[in-house]
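Chain residues, written in single-letter form:
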Amino acid sequence: MRDALIARIEAGGPMPFEEFMGAALYGPAGGFFAGPVLRSEKEGDFLTSPEVSPLFGETLAGFVRSEADRIGETEPAVVEAGAGSGSLLRPLLDALGRVGGVWAVERSPAARAALAGRVPEAAGVEDLGRVPGGLRGVILANELLDNLPAALAVRIPQGWEEQWVGVADGALVPVGVPARPEVAAWADAHAGEVPVGSLVEVQIEAGEWVAAAVGLLERGALVVIDYGDIAEGLLPRRAGGTLRTYRAHHLGPDPLLEPGATDITMDVDFAALMAAAGAAGAEVSLHRQDDFLIGLGLEDRLAALRRRELELAATGDAMERLRIRSALADGRTLLHPRGLGDFRVMIARV
Ligand SMILES: C[S@@+](CC[C@H](N)C(=O)[O-])C[C@H]1O[C@@H](n2cnc3c(N)ncnc32)[C@H](O)[C@@H]1O
């Protein structure tokens, strides 16, 4: 992948960062998500809420139910985009019962194969554009938008410069170029008052994705869950940018060093996403994951598990007690105030 990118840049000149990120993550020849390895599972490279606990999907079934009531739909459609291994959809569908159609949108062939086995009732598609419009139901995306290719803008005294990817001495290196108008406009609108030298991830594709998702809904909600914040929350993190890599559950090297071998991700700019959803006609709200899940009854569910654990302590089924204890610990992880509980949940309703 690295050699192929170097050859491409030597032939055609430096490339915008979003083009580099798209190739490194999804390029058919060696992209991080393009190979046979399923990335989002315990043995993989990162651990997400649905991989931590099935209580995540089970609890979100309550959200789908309440949306179905709001729009007067007894059989809501369910779409999950970036559906990974199916660890969210499976418990959600089991808890939900009747649905009016299920779609699992996945770009990664390995994830699509896993989904076909684990959620066979879902129509597997590669791209959101293949989901039919006029949906009455809920579209979910957990830790998808942090993975969508973004441009990189650096604050300079006169405005913005972009960081593209070039080649020097046989290595991929950042190259400063004048910012394209759409990149400068996005940074002006969403970056806030950042000091000169700050690096801002320009998430134009994420905003377009949100607008397209809202556009598929006749009535219902888009739910985007991810790490990130609104601009004020992101400001202190913007000196060096929030772009980072992961590999085998640990922070990895600079994104330019081993393209294809690491996940590339960034904090999601939720203010920009809210603006995109609002412009697409949705009514938008933003929540913390812990508040959102507690509002849907997760604490009550955990309390019931705790009571069950205590009962088992009395009757002496040690194995079952251990299983419940572990499920309880995993469930609590979803609410950790400095961990998954600190994720943001954007709800865009139409
Ligand atoms: C970080 S993983 C999260 C997987 C799952 N949602 C979870 O929480 O475990 C992101 C997933 O989004 C997929 N993906 C990235 N871009 C996509 C797109 N435009 N459409 C659909 N899936 C996409 C990747 O292949 C990857 O499986």
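Quick caveat: nothing in here was measured; it's all calculated off a predicted structure. (Residues numbered from 1 in each chain as written. Predicted model: local features only at pLDDT ≥ 70, side-chain atom pairs only at ≥ 80, totals over all residues. Heavy atoms only, no water.)

(A) Main features of the side chain of Ser198. Considering the arrangement of structural elements, one finds Ser198 in the loop between α7 (181-190) and β9 (199-202). Within the structure, the side chain of Ser198 is placed 2.7 Å from the backbone oxygen of Pro195, a separation counted as a polar contact. (Helix = DSSP H or I, 4+ residues; strand = E, 2+ residues; numbered from the N terminus. Polar contact = N/O pair within 3.5 Å; in protein donor to acceptor, adjacent residues only side chain to side chain.)

(B) Structural detail: the nonpolar core. Core analysis: the biggest nonpolar cluster contains 39 residues, and Leu60, Leu89, Leu92 and Leu334 have the highest contact counts within it. Of all the elements, helix α4 (residues 55-71) adds the most residues to this core, at 6 residues. Residue contributions to this core reach at least three from each of two domains, namely domain 2 (49-148 + 204-293 + 344-349) and domain 3 (298-333). Aside from chain neighbours lying at most four places away, what touches Leu89 is Val78, Glu80, Val102, Trp103, Ala104, Val119 and Ala122. (Core = buried A, V, L, I, M, F, W, Y, C linked by side-chain atoms within 4.5 Å. Buried < 20%, exposed > 50% of the residue type's maximum accessible area, 1.4 Å probe, protein only. Domains from an automatic or database assignment. Contact = heavy atoms within 4.5 Å.)

(C) Representation of the sheet that holds strand β12 (residues 244-247) in the model. Sheet architecture is open: 3 strands sit in the order β13-β12-β14, paired in antiparallel fashion. Strand pairing shows two members of the sheet lacking a second neighbour, β13 (250-251) and β14 (263-265), which therefore form its edges. In the sheet, β12 pairs with β14 via 3 bridges, with the strands oriented antiparallel. Residue pairing in the sheet places Thr245 in a bridge with Ile264 of β14. (Pairing = 2+ DSSP bridges.)

(D) Geometry of helix α2 (residues 17-26). Burial within α2 is extensive, with 8 of its 10 residues counted as buried. Of all the positions in α2, only Phe17, Phe20, Met21, Gly22, Ala23, Ala24, Leu25 and Tyr26 are classed as buried.

(E) Inspection of the site of the ligand at higher detail. Of all residues adjacent to the ligand, which total 19 residues, the nearest are Tyr26, Thr48, Gly82, Glu106 and Asn142. Gly82 has a polar backbone atom sitting 2.6 Å from a nitrogen atom of the ligand. Separating an oxygen atom of the ligand from a side-chain N or O atom of Glu106 is a distance of 2.5 Å. With the chains in place, 97% of the 600 Å² that the ligand exposes on its own is no longer accessible. Broken down by class, the residue content of the shell around the ligand amounts to 7 nonpolar, 7 polar and 5 charged. (Near = heavy atom within 4 Å. Areas by Shrake-Rupley, 256 points an atom, 1.4 Å probe, with all protein chains shown as cover. Nonpolar A, V, L, I, M, F, W, Y, C, P; charged D, E, K, R; others polar.)

(F) The packing of helix α8 (residues 204-216) against helix α10 (residues 270-279), seen in detail. At a minimum axis distance of 8 Å, the contact between α8 and α10 shows a crossing angle of 35°. Crossing hand, α8 versus α10: right-handed. Residue-level inspection shows Ala206, Gly207, Val210, Ala211 and Val214 of α8 in contact with α10, the latter providing Leu273, Ala276 and Ala277. Of the residues that constitute the contact of α8 with α10, the class distribution is 7 nonpolar, 1 polar and no charged. (Axes fitted to C-alpha atoms, helices over the stretch in contact; angles between N-to-C directions. Left-handed = near helix turned anticlockwise from the far one by under 90°.)

(G) Main features of the packing of aromatic side chains. Going through the model one piece at a time under the given rule, you end up with 5 aromatic pairs. With 5.4 Å between their ring centres and 50° between their planes, Phe17 and Phe20 make a pair best called tilted. Remark: Phe20 and Phe17 occur in helix α2; sequence separation between them is 3 residues, near one turn of the helix. This pair shows no difference in class: Phe17 is buried, exactly as Phe20 is. With a centroid separation of 5.6 Å and an interplanar angle of 15°, the aromatic rings of Tyr26 and Phe33 are classed as stacked. In terms of burial, Tyr26 and Phe33 fall into one category: buried. Through a chain of ring-to-ring contacts, the aromatic side chains of Tyr26, Phe32 and Phe33 assemble into a single cluster. Here the guanidinium or amino end of Arg107 rests over the ring plane of Tyr26, the centre of that ring lying 4.2 Å away. Seen from the ring of Trp160, Arg155 lies directly overhead, with NZ or CZ sitting 4.5 Å from the centre. (Phe/Tyr/Trp six-rings, centres within 6.5 Å; stacked < 30°, edge-to-face > 60°. Lys NZ or Arg CZ within 6 Å of the ring centre and 35° of its normal.)

(H) Structural view of the pattern of salt bridges. Applying the stated rule across the entire model yields 24 salt bridges. The partner of Arg90 in a salt bridge is Glu121, and the shortest N-O contact between them spans 2.8 Å. Pair noted here: Arg90 is in helix α5 (residues 89-96) and Glu121 is in the loop between α6 (109-118) and β4 (123-125), with a separation of 31 residues, a long-range link. Two residues, Glu311 and Arg308, come together in a salt bridge whose shortest N-O distance is 3.1 Å. With Glu311 and Arg308 both in helix α12 (residues 298-315) and 3 residues apart, this pair spans about one turn of that helix. (Salt bridge = Lys/Arg side-chain N within 4 Å of Asp/Glu carboxyl O.)

(I) Examining the sheet that holds strand β17 (residues 344-349) more closely. Read from one edge to the other, the open sheet built from 7 strands follows the order β4-β3-β2-β5-β10-β17-β16, with strand pairing classed as mixed. Lying at the two open borders of the sheet, with one neighbouring strand each, are β4 and β16 (283-288). Looking at each pair of strands side by side, their axes are set apart by 15° on average, direction ignored. Note: strand β10 (residues 217-226) against β17, 6 bridges, orientation antiparallel. By the bridge assignment for β17, Val223 is matched with Ile347.

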